[in-house]
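What the coordinates show
Chain by chain, the residues run as shown.
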Amino acid sequence: MTDSKGNNLNLVQLGPQADSARDRFWRSLDERAGNEAYQKSLAQEFPAGRSLKNPAGLNRRDLLKLMGASAGLAGLTACTKLPPEKIVPYVRQPEEFVPGIPLFYATAMPFGGVGRGLLVESHLGRPTKVEGNPGHPGSLGGADVFGQASVLTLYDPDRSQVPYHLGHVSAWEEFIADFGNALVNERATGGAGLRILTGTITSPTLADQMKSVLSRFPSARWHQYEPCGRHNAREGARLAFGQYVNTVYRFDKADVILSLDSDVFFAEPGSLRYARDFANHRRVSGPDSSMSRLYAIESTPSITGSQADHRIPLRSSDIEAVARSVAAGLGLQAGNAAPLPKEVSADVVAAIVRDLQSHKGSSLVVVGEQQPAAVHALAHAMNHALGNTGQTVIFTEPLEASATDEIKSLKDLVSDMDSGHVHTLLILGSNPAYNAPADVPFVAALNKVDFRVHLGLYSDETADLCHWHIPEAHYLESWGDVRNYDGSVSIVQPLIAPLYGGKTLLEVLALVQGQASVSPHDMVRGYWQQQSGGRSAQPAGASFESFWETSLNNGWLEGTAPPAKQVTPSADTAAKSSAQDVQGLEVVLRPDPSVWDGSLANNAWLMELPRPFSKLTWDNTLLVSPATAARLGLQREDVVKLQIEGREVEAPVMVLPGQAANSLTLHLGYGRTRAGGVGNGVGANAYPIRTSDAPWIATGVTASKTGGKHHLVTTQNHHLIDQKSTKVEEESENAFDRGLVRVGTLADYKQRPDFAQDPPEESTEAPSMYFPYHYTQANSWGMSIDLNSCIGCNACIVACYAENNISVVGKDEVDNGRDMQWIRVDTYFRGDLDNPEAYHELMLCQHCENAPCEYVCPVGATVHSPEGLNLMVYNRCVGTRYCSNNCPYKVRRFNFKLYSDWDTPSLFPLRNPDVTVRSRGVMEKCTYCVQRIMEAKIAADRDETVIADGQIQTACQQTCPTEAIVFGNLNDPESKVSKRKAQTRDYGLLRDLNVRPRTTYLARLRNPNPEIKG
């Protein structure tokens, strides 16, 4: 096996199969091998041969001429003429607006039909930043990459801006008239030819409206289809209990967790709350603390799997056999289970069973949506047998307004269209022409419908096949409501009027009801006012006005969460099986961790976001394990054709450590043809090999090389830090690597609490050339990052994009090593290639006390503040890049080109007015969100108060779902950051350089089962 540069990556050359605590950490296969490609990347600031391309084959003399001319005109780069920005004062200033003071409004983002509670920052009526809602039960203040990036979608210039009729620009009024004529014909038959297709709907108001529509047209039908919905989870509940229910987990009460192919901390409706609860139960303040234990069995490395104390890579199609073996160990009649795969020993299964049994009532078995419904049913039976029901697992009524088999519903719709029974079709907020299963011929059947209407944010693949396309309002432009993961209801409150006259689902359905004049606000408010008459939501004794205003302020309606539902799995639940002993390759399909099902494919922040583990940008790939790649003769960037029962797709290969053998993973959401703009033509479309009966796991796959190559761009070898100087203790009973990532077990920590700290002789400060700073200010800022809590979800990166007006640069510039992200998530592996441990480490400016960047800047552009911050004065920077070259952490970014879009009007309101929008030719980096610090200081001076601990939160800290990041005043011994830094797990990176970083880390702890060796 070789890499793209032809370097040999054979397992023998990569070194011994590591299992010792003293083994080095590595970020990529190149680093593990120590080959020439890695050495070049380590020695150079930018990828070799890319940042200094030789244009047009210039010779040395011509190049020197150009360099001389560039030096002579260097001063002109600071005179770039930018577009004028006119400032128009208010004639009558609104009372609620104070220029320069942002307001925050509570709302919720529907995602996959389920709500995520948010607070949105508004500057003079324009949303600029999304935060988690601290009081919301579904987020507790955290947010994910999708919520953070949604503000960019709001201002996306590629969004649909006008109604289209037969491909021509039209108007909403013309649609009303044309649609009204179609409804006249439907009334005569009671709506026999009327069909409505939506995604998953949990909105109570929308459900009530749909009920009214179906009563007006009793022969009409409502269909729901969500390509990455919870189909298997719902069907698993029906198999176990005979009815659909919603499953809610309590990770704060779970001491032992078994995760079966589940990315529960990232890809579930309640993932934000689950990640917070899990992190809290793993948080360690001293050697006497306890931690939960997590077992993960999965085919593809995931956010959840990286947190596991024991991770077993296994083909997804083999996981049911392991689950049945565990169930049998718990005393359940698990049916005729397939034999255990060779990757899993009976001793390991027995140890897991004993661990679960010893924690009855405080254990938990979770299953990912990718597993068949029978495995979900089996998990319900195991949780019931362990006494977890009502403790770590709670059941409620379904979230969905109409809990049905969505895949069957889509099939029924296609059957009706194909047979000519559908005359009028409304497709609301859905794109089935792109994401319908391959064996459901949606497009062919759609063309047989007489009147086709599409409502969507973009004029996408489905809109192109419809007679009418109506622009949809973004959730930040909409009134509505939505259920949260636990069944409680959030209000979707707009922060801005629709930029392009977009309409909501409520408004389109109001036309069907004959209520075109009713506003969405009145619909939502009216529904809950009607409900409050029966006291189903409104607290007793409260007026509706008070209840409504409180709900808008809080972002959710108190008293709307359904009570726990008592259900018991049937006696034969564990015996129901879908397992087959299938040999050979499997293809596992997954929602992409950035663009999800493809609906976010036009979001440039997400496209450029490095994917977890692979660090891939602007693409999707076929993930292959090192062993499988060697067996099939595959190399990175080889284009492979996958064939499954006559269907095929081509995708490039990426070799990923930790991927299960004989399991190939391909992410959904790419290969779009009408994504809007930046998402068109990116990646391989996996939907053509996805079927309704096997939407996530396809077996019987053949993979063949096409002979082609596809260049992949990753950030794996960008901004490398040389680890050769890091030291490992000599042979001893408890040996630890004191490098960039420091890890120990809970048992080791109890024995030796200071394992992560540098030896006294290394931590003692040496004589220094730096002048000491004498701080006279009351504040001295610093940060602590808990590696035990960080899950590597990337939310901090996108939050930093939005807060600090960071530009995307595009695939080519990322390939040149010029990505502009101020914070990155470095993933380090340790151990063998088949199943290495994975650790995430946030890397941002360390704000060194003895900052090596400050002393080399010839113009004083990087300076030290009286409160300890390492600041950048953009107007002074002349782009020498000396500071970047002198930074040992590689966290400074040079703005080579004018990446910021100064020409697109819709992007102007996106930017945070408190942060300078940089032009080209300046150095950028993390500032600890100095604009937030200054805002708090101004307020404290005005009110003659002191800044309270926690009053200032950096953008990355505020969005972190696990509270891994803490920022505050180091001069306050009672501050959270001071207390963290006082822990024995606290350590700083590269302290032997005497740069004295103000950002330090808490070492990672693992809690392995002592019965399981290796």
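Here the structure is a predicted model, which is why all the values come from computation and not from measurement. (Residues numbered from 1 in each chain as written. Predicted model: local features only at pLDDT ≥ 70, side-chain atom pairs only at ≥ 80, totals over all residues. Heavy atoms only, no water.)

1. Here's the deal with the overall build of the protein
Secondary structure summary: the protein contains 27 helices and 41 strands in total. Across the 1014 residues that make up the protein, the buried fraction comes to 60%. The contacts of the protein with a sequence gap of at least 6 include a subset with a gap of at least 24, amounting to 74%. Accessible surface, the protein: about 38,800 Å² in total, of which carbon and sulfur atoms supply 51%. (Helix = DSSP H or I, 4+ residues; strand = E, 2+ residues; numbered from the N terminus. Buried < 20%, exposed > 50% of the residue type's maximum accessible area, 1.4 Å probe, protein only. Contact = heavy atoms within 4.5 Å. Areas by Shrake-Rupley, 256 points an atom, 1.4 Å probe, with all protein chains shown as cover.)

2. Things to note about the nonpolar core
Among the nonpolar cores identified, the biggest contains 174 residues, and F251, F265, W605 and Y889 are the most heavily contacted of them. Broken down by element, the residue count for this core peaks at seven residues, all from helix α22 (residues 795-804). Excluding its chain neighbours within four sequence positions, the residues that come into contact with W605 are Q148, A149, V151, L152, V798, Y801, A802, I806, V808 and L910. Counting 39 residues, the second-largest nonpolar core is a separate cluster that includes F179, L194, I196 and L511. (Core = buried A, V, L, I, M, F, W, Y, C linked by side-chain atoms within 4.5 Å.)

3. Quick look at the sheet that holds strand β31 (residues 781-786)
With mixed pairing, the four strands of this open sheet are ordered in space as β38-β31-β40-β39. Of all the strands in the sheet, the pair left with one neighbour each is β38 (965-969) and β39 (986-987). Sheet analysis places β39 next to strand β40 (residues 999-1002), joined by two bridges and oriented antiparallel. Paired with Y987 across the two strands is Y1001, which belongs to β40. (Pairing = 2+ DSSP bridges.)

4. Focus: helix α7 (residues 231-241)
For the α-helix, the turn length of 3.6 residues means that residues three or four positions removed from each other point alike. Along α7, nine of the eleven residues are buried, which leaves the element largely enclosed by surrounding structure. Within the sequence span of α7, burial applies to H231, N232, A233, R234, E235, G236, A237, A240 and F241. Tucked inside the fold, the buried residues of α7 contact α11 (373-385), β13 (393-396) and α12 (406-418). Positive backbone phi, approximately 80°, marks G242, located one or two places after α7.

5. Some thoughts on the sheet that holds strand β12 (residues 363-367)
Judged by pairing direction, the sheet is parallel, and its four strands sit side by side in the order β11-β10-β9-β12 without closing on themselves. The sheet is open, and its two borders are formed by β11 (310-313) and β12, each paired with just one other strand. Averaged over all pairs of adjacent strands, the angle between their axes in this sheet comes to 10°, without regard to strand direction. Bridge count for strand β9 (residues 256-260) against β12 is five bridges, and the pairing is parallel. Of the residues in β12, the one forming a bridge with L260 is V367. (Axes fitted to C-alpha atoms, helices over the stretch in contact; angles between N-to-C directions.)

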